[in-house]
Each structure stands twice: as structure tokens, then as C-alpha cells.
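Residues per chain, in single letters:
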Amino acid sequence: MNATDKLTSSVNNVSVTTLSTALFLTCMVPILICTIAGNGLVVCAVYKYHHLRTPTYLIIASLAVADFFTGFIGIPLYMYFNFSKNTRCDSSSTISFATPFTVLSAVSFFQILTITTDRYIAITRPLHYVSTVTIERVRIVIVFTWMACSAFFLTRSYLLVSKNANVITMKCPTGYFEDPLLWAVNLSVLAGSSLVFFMLTGFNLRILRIAFKQSRMIYQGNEDFGRNRGNHEISIKNLKGTQTICIIVFIFIVCFLPTQISFGIELSPLNDYSLSSVLAHVNIISLGINSAVNPLIYGYRDRLFREAFNDLRRSLIALIL
């Protein structure tokens, strides 16, 4: 009787695991396709059309590159690590499977911060924006962000290897946070990212408030916004661009909240293997949605991107036919 009960329990567990895996893959496959195709279009558009090579669009292109590789490399490696029987739960697997996704997520995080700073300067100091935010400076910031994120998280991975520890995923019932140094490193990451989230929210709320105030002033014909038609149109264009970026940032914050919550739980005594497994799947789906939805927003809200996307689509159709 006991053997029968154990066999029944094992079969039920396999069935639940198979069902959850099927549901996860059903959600992720279309998300990955949209992520790769959409962000690929964004990168191609900025590369092909010179009028899109402005500081703001370069930052958006850098974010699109991170999102593209998240869908092309980061998430597939995560999925393979968790669902393949050929991977092990050890430090070498951490380097191979976890680090690329972590680095790309961190790059996206800091590109969002850079975009917020760009829009904050544009909306609060419009007369000094062109001289302050130049293409050369933006390129330096983008390169520094990629290098800093890669260096930090590769160092973090090296610490995992040096401590001969296991990575926390649904595949690993034990974690690596028992070590005080690693616990402190991950706590600092959680605290720093949480602080930046609050700053992002506050800055973007202030940016939106200023943008709406300026919109009302433009609508009412206030003389503070341009004494000719050209300045008036430029002001309206900047405001719409700012609103678009704010939408991108708020969606990013919402999609990254599960990651923050999961990280906090894993660092606390409340950490539970089953709960971590569920949160891991929720995290990857929400981050995948964030990477996939950005190009849709660009195409819907930004006229220049929309025209570039349509031109690229026509060129692709003509090439295929």
C-alpha cells in the first residue's frame, strides 16, 4: 500500500511538473518571437535611418540590443538550464546559464535610468539639452554601462565559483546565501536596485507633471513656449516623446517588481523552495513581456519609428517575394 501511494504521488508530481512546463513554454515561445523580431526591427531602424541617430534614439537602440539578446540568449539559456536533464546545479552552471541573463537585465535597468535622465534634462532644461546631451557623451555612457554591468556580475559569478556554491533556481533546492559575503553582495544589489526604482518612479512622476503642465500652456498659447510655429511644434514633439519614455519606464518598473520581491524573499528567512520555483517562472515571464512590449510602444507612439518599421517591413516583403 505504501509503495502504491509513493508511486501515485510520483506520477502526480511528474504530471504537475509536465503541465507547468507546458504552460510556461506556451507563454514564452510567442514572447520570445516578439522580443527578437521587435527589438531587431528597432536596432535595424536606428542603424539604417540617419534621422534616428539622435541621443535619445541611441539609448533606445542600446536598450533594444539588451532586450534582443535577452530573448535570443538570456531566456533560452535559463529555460534550458531549468528544464534540461543534462545540466547540473553547481557553480559552473551559474556561469554558463545565469550570468548572461543577469548581465542583460542589469544593462536594461541602467538604460532605463539613462533614458529617464535624458528626458529629465530635455523637459527641465530644453535650451541646454542639445549642448548637454550629445551623441558622443551618450555613446560613452552606453559603453560604460555595458562594461560596468558585465564586470560587476562576472565578478559576482567568480565569487560563486570561488565559494563552490550552488545557484538558486527551481532546479536547486538549496541556495548560496549561507555565505556572509555572498549574502552581503546580493543584499547590496537588492538595496541599490530598490533605491533606483524609487528614484525612477519619483523622477518620472515629476517629468510627467512638468510635461502635462507644459502641454496645457502650449494648448492655451502661452508665450513661454515658442514665439513661432517651429518652436511650438518642437515643444509638442518633445512632450510626446517624453510621455512615451515615461510609459516605457513605468512598464519596466511593473515588470521588474516580481524580481525585486523574489530577490527579497530569497534573502529572508521566508525563503521556500516551492515558492522560489513559482516566482522564478513569474519573473522570467514578466521580464520577457517587458522586452517584447517596448517595440510595440515605439511603433504605436513614435511617428519616426512607425515610418521606419513600415519601410523595413516593405523592404523585407519585397526581398522575400
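All figures in this text were calculated on a predicted structure; none of them were measured in a lab.

Which residues make up the overall build of the protein chain, and what values go with them?
Each helix and strand in the protein chain was counted, giving 9 helices and 0 strands. The 321 residues of the protein chain split such that 44% are buried. If you take every contact in the protein chain between residues at least 6 apart in sequence, the share linking residues at least 24 apart comes to 78%. Split by element, the accessible area of the protein chain, about 17,600 Å² in all, is 69% carbon and sulfur.

Outline the side chain of Asn294, listing residues and values.
Among the secondary structure elements, Asn294 is positioned in helix α8 (residues 273-301). In this structure Asn294 comes out as buried when scored by relative accessible area, which is 2%. Within polar-contact distance, the side chain of Asn294 engages the side chain of Asp67 at 3.3 Å.

If you had to explain the nonpolar core to someone new, which residues and values would you point to?
Of all hydrophobic cores here, the largest spans 49 residues; its most connected members are Met28, Ala45, Leu52, Ile60 and Phe305. Residue assignment for this core shows that the elements contributing at least two residues are α1 (2-48), α2 (55-83), α3 (91-124), α5 (135-162), α6 (180-219), α7 (229-267), α8 and α9 (303-320). Residue contributions to this core peak at 10 residues, all from α2. Leave out the neighbours within four places in its chain, and Ile60 touches Val42, Ile115, Ile245, Tyr298 and Phe305.

Tell me about the confidence of the model for the protein chain, and please be specific about residues and values.
Per-chain confidence: the protein chain averages 76 in pLDDT, with 71% of residues scoring 70 or above. Scored below 50 in pLDDT, residues 1-16 shows 0 contacts in the model against residues more than four places distant or in partner chains. In this model residues 165-171 is a low-confidence stretch, pLDDT under 50, and it forms 35 contacts with partners more than four residues away in sequence or in other chains.

Would you mind going over the pattern of salt bridges in detail, with residue names and values included?
Summed over all chains, the structure comprises 4 salt bridges. Linking Arg314 and Asp311 is a salt bridge whose minimum nitrogen-to-oxygen distance equals 4.0 Å. Here Asp311 and Arg314 lie together in helix α9, a separation of 3 residues that amounts to about one turn.

Basis of the calculations
- Residues numbered from 1 in each chain as written.
- Predicted model: local features only at pLDDT ≥ 70, side-chain atom pairs only at ≥ 80, totals over all residues.
- Heavy atoms only, no water.
- Helix = DSSP H or I, 4+ residues; strand = E, 2+ residues; numbered from the N terminus.
- Buried < 20%, exposed > 50% of the residue type's maximum accessible area, 1.4 Å probe, protein only.
- Contact = heavy atoms within 4.5 Å.
- Areas by Shrake-Rupley, 256 points an atom, 1.4 Å probe, with all protein chains shown as cover.
- Polar contact = N/O pair within 3.5 Å; in protein donor to acceptor, adjacent residues only side chain to side chain.
- Core = buried A, V, L, I, M, F, W, Y, C linked by side-chain atoms within 4.5 Å.
- pLDDT = per-residue confidence, 0-100.
- Salt bridge = Lys/Arg side-chain N within 4 Å of Asp/Glu carboxyl O.

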